[in-house]
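The primary structure of each chain is shown beneath.
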Amino acid sequence: MTTEADNGGGAPSPGLRERKKAQRYQAISEAAIALFLDKGYDKVSVAEVAAAAEISKPTLFRYFASKEDLVLHRFADHEEEAARVVADRPAKRPALDALQRHFLDGLERHDPVTGLNDAPGVLSYLRLLYGTPALVARLYAYQDRTESALAEALLTAHGGHPLEARLAAGQIVAVRRILAEENMRRIRAGESAAEVWPDAVTSANRAFAQLRSGLARYA
């Protein structure tokens, strides 16, 4: 790890500054989520979050533009994830193949984004997210940005008309969302992630096969 001493004791290196900034984002978000889970989202003010994170309210808003963003920060790294999968895949690998493998790998890791995670903290977070109308509304905006980024990546990778790429991206994002929702539904009903996993894999493979039959350009 690079330290301030590594560059003569001056300002932190750009890499270290970015890591510290990411750690601050994470710390503020986790402090906020803990309060929201304890008291309820609508009963906690931004000022209370700032106090819990030991920063001022103006400083908090330099990191997070809105109260909703404090919760959805956990999704921030995933917003352009599908686009990165397409952009970073081996040149001859079809986009759908890469996206399918990425989703299956997520199921294997029990990535919360796939809905296949029964950790109590994750389940509490999801109840907070989907039980708060303001957060659900902001989540739709996140999905819209995910579609836009994926459409651009598909267009760059495979060509075609921009509308075709956007339609394809919308279908792909919808399939991933529906698969995750089904996994979450079963876990909320009492099944464990381990019990759901075999069916989750089968469903993912079936869903991507259905996509592949309708999105030949990207397959």
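For the structure, see preceding data.
Since this is a predicted model, take the numbers as computed values, not measurements.

Novice: Explain the nonpolar core to me, please; I cannot follow it from the model alone.
Specialist: Side chains of nonpolar character tend, in soluble globular proteins, to be buried together. If you look at the biggest cluster of nonpolar residues, it comprises 33 residues, and the most contacted ones within it are Leu99, Leu150, Leu154 and Ile172. When contributions to this core are tallied by element, the ones reaching two or more residues are helix H5 (81–88), helix H6 (95–109), helix H8 (133–158), helix H9 (162–188) and helix H10 (193–214). Residue contributions to this core peak at eight residues, all from H9. Not counting chain neighbours up to four residues away, the residues in contact with Leu99 comprise Ala82, Val85, Val86, Leu150, Ile172 and Phe208. Counting 26 residues, the second largest nonpolar core, distinct from the first, contains Ile33, Leu70, Val71 and Met184.

Novice: Would you mind showing me how to read the environment of Glu191 here?
Specialist: If you trace the backbone, Glu191 turns up in the loop between H9 and H10. The class for Glu191 is partly exposed, based on a relative accessible area of 27%. In sequence terms Glu191 and Asp118 are 73 residues apart; their C-alpha atoms lie 8.7 Å from each other. Each residue touching Glu191, except ones within four places of it in the same chain, is listed here: Arg186 and Val196. A polar contact is formed between the side chain of Glu191 and the side chain of Arg186, at a distance of 2.8 Å.

Novice: Just to check I follow, could you spell out helix H7 (residues 120–130) for this structure?
Specialist: Residues lying three or four places apart along an α-helix face the same way, a consequence of the helix completing one turn every 3.6 residues. Residues of H7 that are buried: Val122, Tyr125, Leu126, Leu128 and Leu129. Projection of H7 onto a plane perpendicular to its axis shows the buried side chains occupying an angular sector of 160°, all on one side. Counted as exposed and oriented over 90 degrees from the buried face of H7: Pro120 and Arg127.

Novice: I keep staring at the packing of H6 against H9 and nothing clicks. Help me out?
Specialist: Relative placement of two packed helices is described by the angle separating their axes and the distance separating the axes. At their nearest, the axes of H6 and H9 sit 12 Å apart, and the two run at 20° to each other. Judged on the interaxial angle alone, H9 and H6 are roughly parallel. Judged by the sense of rotation from one axis to the other, the crossing of H6 with H9 is right-handed. Residues Leu96, Leu99, His102, Phe103 and Leu107 of H6 lie in contact with H9, whose contacting residues are Ile172, Arg176, Leu179 and Asn183. Class assignment for the residues of the contact of H6 with H9 results in six nonpolar, two polar and one charged.

Rules used throughout
Residues numbered from 1 in each chain as written. Predicted model: local features only at pLDDT ≥ 70, side-chain atom pairs only at ≥ 80, totals over all residues. Heavy atoms only, no water. Core = buried A, V, L, I, M, F, W, Y, C linked by side-chain atoms within 4.5 Å. Buried < 20%, exposed > 50% of the residue type's maximum accessible area, 1.4 Å probe, protein only. Helix = DSSP H or I, 4+ residues; strand = E, 2+ residues; numbered from the N terminus. Contact = heavy atoms within 4.5 Å. Polar contact = N/O pair within 3.5 Å; in protein donor to acceptor, adjacent residues only side chain to side chain. Arc of directions from axis to C-beta. Axes fitted to C-alpha atoms, helices over the stretch in contact; angles between N-to-C directions. Parallel < 35°, antiparallel > 145°, perpendicular 65-115°, else oblique. Left-handed = near helix turned anticlockwise from the far one by under 90°. Nonpolar A, V, L, I, M, F, W, Y, C, P; charged D, E, K, R; others polar.

Purely geometric numbers; function is a separate question.
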